Each structure stands twice: as structure tokens, then as C-alpha cells.
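Descriptive structure summary
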Amino acid sequence: MKEAVQSIATTVDFNRIRSRDFPILEREVNGKPLVYLDNAASSQMPRQVADRLDRYHRMEHANVHRGIHTLSQEATDAYEATREKVKTFINAGSTDEIIYTTGTTDSINLVANSFGRLKFGKDDEIILSQMEHHANIVPWQMIAEQTGAVIKVIPVTDRGDIDMQAYKELLSDKTKLVAVVHVSNALGTVNPVREITEMARQHGAAVLIDGAQAVPHQTVDVQEIDCDFYAFSAHKMCGPTGFGILYGKKEHLDAMPPYRGGGDMIDKVTFEKTTYNIAPFKFEAGTPPIAAGIGLGAAIDYLQEIGMDQIALREQQVVDYALSKIRDINGIRLFGEPEKRASAIAFVFDQIHAHDVGTILDKQGVAVRTGHHCAQPILERFGESATTRASFSFYNNEEDADRLVEGLNYVKEFFQTD
Ligand SMILES: *Cc1c(COP(=O)(O)O)cnc(C)c1O
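Residues numbered from 1 in each chain as written. Predicted model: local features only at pLDDT ≥ 70, side-chain atom pairs only at ≥ 80, totals over all residues. Heavy atoms only, no water.

1. A short note on the overall build of the protein chain
Looking only at helices and strands, the protein chain features 15 helices and 17 strands. Computed over the C-alpha atoms, the radius of gyration of the protein chain is 22 Å, within 12% of the 22 Å expected from 2.2 N^0.38 for a compact globule of 418 residues. Along the first, second and third principal axes, the C-alpha set of the protein chain runs to 75 × 55 × 45 Å. Each of the 418 residues in the protein chain was classed as buried or not, and the buried ones make up 55%. Here the contacts in the protein chain between residues at least 6 apart in sequence split such that 71% fall between residues at least 24 apart. The centroid of the 43 positive side-chain charges in the protein chain is displaced by 2 Å from the centroid of its 59 negative side-chain charges. (Helix = DSSP H or I, 4+ residues; strand = E, 2+ residues; numbered from the N terminus. Rg over C-alpha atoms; globule rule 2.2 N^0.38 Å. Buried < 20%, exposed > 50% of the residue type's maximum accessible area, 1.4 Å probe, protein only. Contact = heavy atoms within 4.5 Å. Lys, Arg positive; Asp, Glu negative; His and termini not counted. Charge placed at Lys NZ, Arg CZ, Asp CG, Glu CD.)

Below is the structure:
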């Protein structure tokens, strides 16, 4: 018994990591020490990643893939090194399967416009879940409108899990693509993406996983999931904004047409005919966010040094601790009680609007997100227009959870709802 307990304890000193690497968490907001619980919107950047960006800007900046001169070659090497790091981090088969994008939204738009245009025809079906982020809804609506494809929606159970039986019934030979979120930003639900993929396979459908909230919080293995596409953003995993990844199986990427034209994505250009570069470069037109790409590489190095399994364990401890405290507050309802949760806890007060909750918490130095979290359909499913969401990272601790709970009790006092 004792051994089992020991084997799941973290071996990393997360409080030391917090004070050493995240100076922003030492600052005050509205005269109170900052408690940052909006990691699902964007995570904080450790000193190591900020330093790497700074060094690039000060001493290494040049355009990539173009110059014969040393600086350009150095920048290209540093920028391309990220592809190898991403490949290892998510266990892709090769660096040819790693496309640089500007974020999850851009990655999904790429698949919709390239794969969708290639594969979708009239009355073909695209299956989404009811808990998708707008980024995994709107691009499909746009391409459905252009191709005549139809969108089918998997309902979510009262607890906040995907209804797997309903999913099974929606699948058919008309299904061309299933696009589902790995971890919900609105509910915190961790979806069984391996099983979802396997079921789609039986109908010959491709699968895209929106991994924006999964990659920062757990080990992700795209070959184990066996999905066709996997999308995520650098700024939610300790990296900079403006950069993201689309993983795609090579067989798809080779067949898919480019989606944006310009420099770098071509093989040869004449006014009569242009031929394209190979994947992944045919999808990467124009000068990319070079510093941000190098920054993602530094963020992956950073996360790997701590260890994703350690991060997952530590976050689970703090999230479980916060959950138990929040459950004890009268007048608060959790938004979603999924079977498996990661990072995010959303809730509503019976009598108080989420925006008021967020404003009063901010006065206490506690940063949370309020609103619809870019997932209006799932809020509507539960009859809400706004929730308050606290989302945790490995640098958050029990004290942060206590400060949140203190703040929530203060909100209650302020509105005298007891
Ligand atoms: C944040 C998020 C997105 C969009 O990511 P961007 O970085 O804004 O492109 C998509 N899906 C989920 C689940 C998210 O949390």
C-alpha cells in the first residue's frame, strides 16, 4: 500500500521551479500577490524560454530557409530543430509530419481547407462534439457550406462527458472526418481519444484531435492515439504566442493541396505553371514567426526536463485539492463533473453573474476567465451563458487554490447570498 502511494508522488520540487523560473508570479496585481489561474487561455513563460527569445532577437536574428550567409543558416538550424523536438515530444513518425502554423486555430483551418476541399463532397458527414471550442466548429461550418458536407454533433452527457453510444450511432460510411477535443477548455473533460479514433477507423473516417488543452498537461503520443491530425498552440505550453503545430499523417499530407500560396512553399514558379515544395514546407508559405518557433523548441526542452508525467501528477494533486474546497462552498455549482478531468474547473454561482465574480476576484489578485470560453454550444447545452473558470498549471500550488476559495467566499459576502 505504502509503495503504491510513493510511486505516484511527485519527485520534482514544483515550488522551487515556480520561484526560480516564473518571476511574473512574484508580482502584485491590485495590491495583492498575483494568483494566476487562467492557464487555459495562455500559460506563463518561464525565464528559460524568455531568455531564448531574447538571445535570438539580440544576437541571432535573420530570415530562414533563404540565405546562404551564416546568420541565416544558424537561424534556420535553430528554427528547424524545433521540428525534431516536437516530433519526439508527441512521438510522431517523422519530422515530415510536423507542420508549423500560427496556432491551433490555424492548424484546424489548414485541415478544413486542404483536406476538406480534397475529401468532402455533397452529403458527406463531419462529426464534431458538443463540447468543441469555436476553433473546431467554425472552420468546418465554412468548408461544409462550400462542399455540401453536413455536420453532425455528438451530444454530451449531464456529467460533461462525450456520449459514446450516441457517437457510435452517428458514425456511418458517410462519415469523412471526426474532429474532437482531447481536453475540453470549458469543462476540463479528458476525452477517450484513442477509442474515438478506433471507432472512426472502422468506418474509414479520418480523425482530427484538438490538443490545445492536452499537450500542456500530459504526455501525448499521436501514434498511440492513431489519429490522422493533431493540433496545438505554443502559448498554452509555456511558449510564445503566434505559433502552433499541426501533426498530420504523411499519407494525408502528401495528398493534400497547399492552402496558402507564396514564398518558401514552392518548388519552381513560372507564369505558366508552379510546382510545390514537399510536405511540410508546402503548407508553410511566407516568412514564419521564427523567434516563436525557436521559443516553442525551448518550451519543449523546458517541459521535458521537468517531465510531463510529473507535471500531470502535480496538476492532478492541486486540481483535486481545489475541487474539494470549491465543492464545500454553498451556492456554487460545478460546470461539468466529468469522469476524467485535467487542469480546468468551471463553476457558476446561483445568484451572481460570472463577470461580477471575475471582477471581484481580480481585485483580490486572482486571475480567472469568465464568459463562454469560446465554446458557446456547450454552455447552451447546460443552460448557461457564462461560467467562471480556474485553470491550473504545474506552477500553481495549494496556496493558489486557497486564495481562489478565499476570493470566492469574499464574492459571496459581497453579494450577501447566504
Ligand atoms: C485555446 C484553444 C483553441 C484555440 O487556440 P489558439 O491558440 O487561440 O489558436 C482551440 N481549442 C481549444 C480546446 C483551446 O483551448
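From this point, the narrative continues.
2. Things to note about the site of the ligand
Close to the ligand lie 13 residues; Thr105, Asp210, Gln213, Ser233 and Lys236 are nearest. At 2.7 Å from an oxygen atom of the ligand is found a side-chain nitrogen or oxygen belonging to Ser233. Here an oxygen atom of the ligand sits 2.8 Å away from a polar atom, N or O, in the side chain of His235. In the complex, 86% of the free accessible area of the ligand, which totals 380 Å², lies under the protein chains. Partitioned by chemical class, the residues of the shell around the ligand number three nonpolar, eight polar and two charged. (Near = heavy atom within 4 Å. Polar contact = N/O pair within 3.5 Å; in protein donor to acceptor, adjacent residues only side chain to side chain. Areas by Shrake-Rupley, 256 points an atom, 1.4 Å probe, with all protein chains shown as cover. Nonpolar A, V, L, I, M, F, W, Y, C, P; charged D, E, K, R; others polar.)

3. What about the side chain of Arg341?
Within the secondary structure, Arg341 sits in the loop between strand S13 (332-334) and strand S14 (344-349). Glu337 provides the closest opposite charge to the buried, salt-bridge-free Arg341, at an N-O distance of 4.6 Å. In this structure the side chain of Arg341 is engaged in a polar contact, spanning 3.3 Å, whose partner is the backbone oxygen of Leu187. When sequence neighbours within four positions are dropped, the list of residues in contact with Arg341 reads Leu187, Gly188, Val190, Gln316, Val319, Leu323, Gly336 and Ala346. (Salt bridge = Lys/Arg side-chain N within 4 Å of Asp/Glu carboxyl O.)

4. Here we look at a nonpolar patch on the surface
Taken together, the side chains of Tyr410, Phe414 and Phe415 present a nonpolar region at the surface, about 290 Å² in accessible area. Turning to its location among the elements, Phe414 is positioned in helix H15 (residues 398-415). (Patch = residues over 30% accessible without salt bridge, like charges linked within 9 Å, V, L, I, M, F, W, Y side chains within 5 Å.)

5. A word on the sheet that holds S14
Taken in spatial order, the four strands line up as S13-S14-S17-S16 in an open sheet, and their pairing is antiparallel. Of all strands in the sheet, those with a lone pairing partner are S13 and strand S16 (369-371), marking the two edges. When the angles between neighbouring strand axes are averaged without regard to direction, this sheet yields 30 degrees. As defined by bridge partners, S13 adjoins S14 across three bridges and the pair is classed as antiparallel. Within the sheet, the bridge partner assigned to Arg333 lies in S14 and is Val348. Lying on the sheet, helix H12 (residues 308-327) is in contact with S13 and S14; it crosses S14 at an angle near 10 degrees. Contacts from helix H13 (residues 354-363) reach S14, S16 and strand S17 (387-391) within the one sheet, and its direction differs from that of S16 by about 160 degrees. (Pairing = 2+ DSSP bridges. Axes fitted to C-alpha atoms, helices over the stretch in contact; angles between N-to-C directions.)

6. Focus: the domain arrangement of the protein chain
The figure often quoted for interface size is the accessible area lost as the parts come together. Under the domain assignment used here, the protein chain contains domain 1 (2-45 + 307-415) and domain 2 (50-304). Placing the centre of domain 1 and that of domain 2 at their C-alpha centroids yields a distance of 27 Å. The interface of domain 1 with domain 2 comprises 38 residues on the first partner and 37 residues on the second. Both sides together, the interface formed by domain 1 and domain 2 hides about 3,100 Å², and carbon and sulfur atoms give 54% of it. When the buried surface of domain 1 facing domain 2 is broken down by residue, Met45, Met308 and Arg381 rank first, second and third, together holding 21% of it. For the interface between domain 1 and domain 2, the tally reads one salt bridge. A salt bridge links Asp158 to Arg381; the nearest nitrogen and oxygen atoms lie 2.7 Å apart. Scanning the region where domain 1 abuts domain 2 turns up 25 residue pairs in polar contact (both at pLDDT 80 or more). (Domains from an automatic or database assignment. Buried area = accessible area lost by both parts, 1.4 Å probe.)

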